[in-house]
Amino acid sequence: MFSTRTNWPLKPNRLSELLRERRARGLSILDVTESNPTHCGLALSAEEILAPLRDSRSLVYQPDPRGLRTAREAVARYYCERGVELHPDQIFLTTSTSEAYSFVFRLLANPGDQILSPQPSYPLFDFLGALNDVEVLTYPLVYHDGWQVDLDALAAQCGPRSRAVLVVHPNNPTGSFSKKLELGRMGEVCRRNNAALVADEVFADYGFESDAERVVTHAQESVALTFTLSGLSKICALPQMKLGWIVVNGPRELQSEALARLEVIADTYLSVNAPVALAAPEWLAHRCNIQSEILQRVQANLGKLDELLVPGLPVSRLKVEGGWYAILRVPSTRSDDDWVAELLVQEGVSVHPGHFYDFPSEGFLVLSLLPARDVFADALGRVISRICAGG
Ligand SMILES: Cc1ncc(COP(=O)(O)O)c(C=O)c1O
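Residues numbered from 1 in each chain as written. Predicted model: local features only at pLDDT ≥ 70, side-chain atom pairs only at ≥ 80, totals over all residues.

### What about the overall build of the chain?
Part 1 of the argument: If you tally the helices and strands in the chain, you get 13 helices and 14 strands.
Part 2 of the argument: In terms of C-alpha radius of gyration, the chain reaches 21 Å, essentially the compact-globule figure of 21 Å for 391 residues.
Part 3 of the argument: Here the chain holds 391 residues, and the buried ones make up 42% of them.
Part 4 of the argument: Contacts spanning at least 24 positions in sequence make up 75% of the contacts within the chain whose residues lie at least 6 apart. (Helix = DSSP H or I, 4+ residues; strand = E, 2+ residues; numbered from the N terminus. Rg over C-alpha atoms; globule rule 2.2 N^0.38 Å. Buried ≥ 20, exposed ≤ 12 C-beta atoms within 10 Å, placed from the backbone. Contact = placed C-beta atoms within 7 Å.)

Here it is, written out as structure tokens:
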């Protein structure tokens, strides 16, 4: 009756069961996996968010496969502020970054073709790949006092069936940005193999310190056909508004062919609604307020973590350049799942095990840096004492 691509194990895993039981018993949870910005007590202004939705132009349906031009112009201004001039026709609006990935995979890949994603990274790629009939292979990010792409492994992995190399900038959860030298090599690997580069920049505005080696945005890449994906969910902390986009650039001929084909895909769905597209310019114009509050929050939580992680403990954190997450290195005296279960049952703290993000070995826990400061401090105090007692 059902497609094999939906043959997922649908039974809740052990950690979801533990969470469900705890909630059913009315026990509290200090949730350090929470990265929904609308759940973290941020000062999101109801007036700034809701007023732009009341626009009488929403009463008229004016379909455009790329999405409303005024919204695409606002997206072009966002890149212009990063020193990149884009034509609004290089931009397609989508309802989310996830939808943007689907459009790009449908554009590039036949069933059974491959895409290469970084490991560790964002857990949704396996699902997006399966739903679009592409096989997801990984290329390693390696940690030596900071994260780097293993470029030789990437080049070896990229072959005739590879249609795209994904980059997450900065990556979730490693918080590492692409560097100019890395991008140069990756663009070459893509060009040689007739594969595209797909760059997810949803967290790009959340860098902690400036770095001249860092890529500003992939939306100016010219060596390989490049799709830069982003949206309001992180940039404006508005995941509920469901607005993302794709920027297309690269060698001229490939770019115009991609734009023409993408237009047909987008025209088939016409998925972005008018009120959100009309409101987008205003939301983007106000993004600095919420972004600075979020940056203060994540940096304060990171500072608290460093205060608690005094030297000599069996737990430490990995270097992070930006984004909303931190990674703890913990003793491999038990599996990450066992650590997470113990922290939940004994301390009432919820964190993610590294394997959710496809870490290649045990010994890593992933934390969101977005929770309220008191929640984060309380939770991490408990996490660290438990690991010290049990490590
Ligand atoms: C790397 C990355 N890309 C995309 C998304 C989702 O973005 P959207 O809400 O636009 O689909 C997330 C959400 O956490 C993410 O971590």
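The rest of the description comes next.
### Structural notes on the site of the ligand
Part 1 of the argument: Lining the immediate surroundings of the ligand are Ser96, Thr97, Ser98, Tyr122, Val168, Asn172, Asp200, Val202, Gly231, Ser233, Pro239 and Gly244.
Part 2 of the argument: Across the shell around the ligand, the residue classes tally to four nonpolar, seven polar and one charged. (Near = placed C-beta within 6 Å. Nonpolar A, V, L, I, M, F, W, Y, C, P; charged D, E, K, R; others polar.)

### Some words on the environment of threonine 95
Part 1 of the argument: In this structure, threonine 95 sits in the loop between strand E2 (91-94) and helix H4 (97-108).
Part 2 of the argument: By the C-beta count within 10 Å, which is 18 here, threonine 95 ends up partly exposed.
Part 3 of the argument: Taking the C-alpha atoms as reference, threonine 95 lies 19 Å from tyrosine 79; in sequence the two are 16 residues apart.
Part 4 of the argument: Leaving out residues up to four positions away in the same chain, threonine 95 has contacts with Lys242, Leu243, Gly244, Ser271 and Val272.

### What to know about the domain arrangement of the chain
Part 1 of the argument: Here the chain is described as being made up of domain 1 (4-43 + 288-390) and domain 2 (60-284).
Part 2 of the argument: Take the side of domain 1 that touches domain 2: its biggest share by element is six residues, from helix H11 (residues 287-308).
Part 3 of the argument: Across the side of domain 1 that touches domain 2, the residue classes tally to 16 nonpolar, seven polar and four charged. (Domains from an automatic or database assignment.)

### Description of the packing of H4 against helix H9 (residues 252-269)
Part 1 of the argument: For the pair H4 and H9, interaxial distance at closest approach is 10 Å and the crossing angle is 120 degrees. Relative to H9, the element H4 is oriented oblique. Handedness of the H4/H9 crossing: right-handed. Between H4 and H9, the residues in contact are Phe103, Arg106 and Leu107 and Ala258, Arg261, Leu262, Ile265 and Ala266, respectively.
Part 2 of the argument: Looking at the contact of H4 with H9 residue by residue, the class counts come to six nonpolar, no polar and two charged. (Axes fitted to C-alpha atoms, helices over the stretch in contact; angles between N-to-C directions. Parallel < 35°, antiparallel > 145°, perpendicular 65-115°, else oblique. Left-handed = near helix turned anticlockwise from the far one by under 90°.)

### Points about the sheet that holds strand E11 (residues 325-329)
Part 1 of the argument: Spatially, E10-E11-E14-E13 is the arrangement adopted by the four strands of the open sheet, whose pairing is antiparallel. Across the chains shown, the open sheet's two edge strands, defined by having one partner strand only, are strand E10 (316-317) and strand E13 (352-353).
Part 2 of the argument: As paired elements, E13 and strand E14 (residues 364-368) share two bridges and run antiparallel to each other. By the bridge assignment for E14, histidine 352 is matched with valine 366. (Pairing = 2+ DSSP bridges.)

### Some remarks on the sheet that holds strand E5 (residues 147-149)
Part 1 of the argument: The eight strands are arranged E2-E9-E8-E7-E6-E3-E4-E5 in an open sheet whose pairing can be described as mixed. Each end of this open sheet is capped by a strand with a single partner; those strands are E2 and E5. Averaged over all pairs of adjacent strands, the angle between their axes in this sheet comes to 25 degrees, without regard to strand direction.
Part 2 of the argument: Where strand E7 (residues 196-200) lies against strand E8 (residues 226-231), four bridges are found, and the strand directions are parallel. Note on E8: the bridge partner recorded for aspartate 200 is leucine 229.

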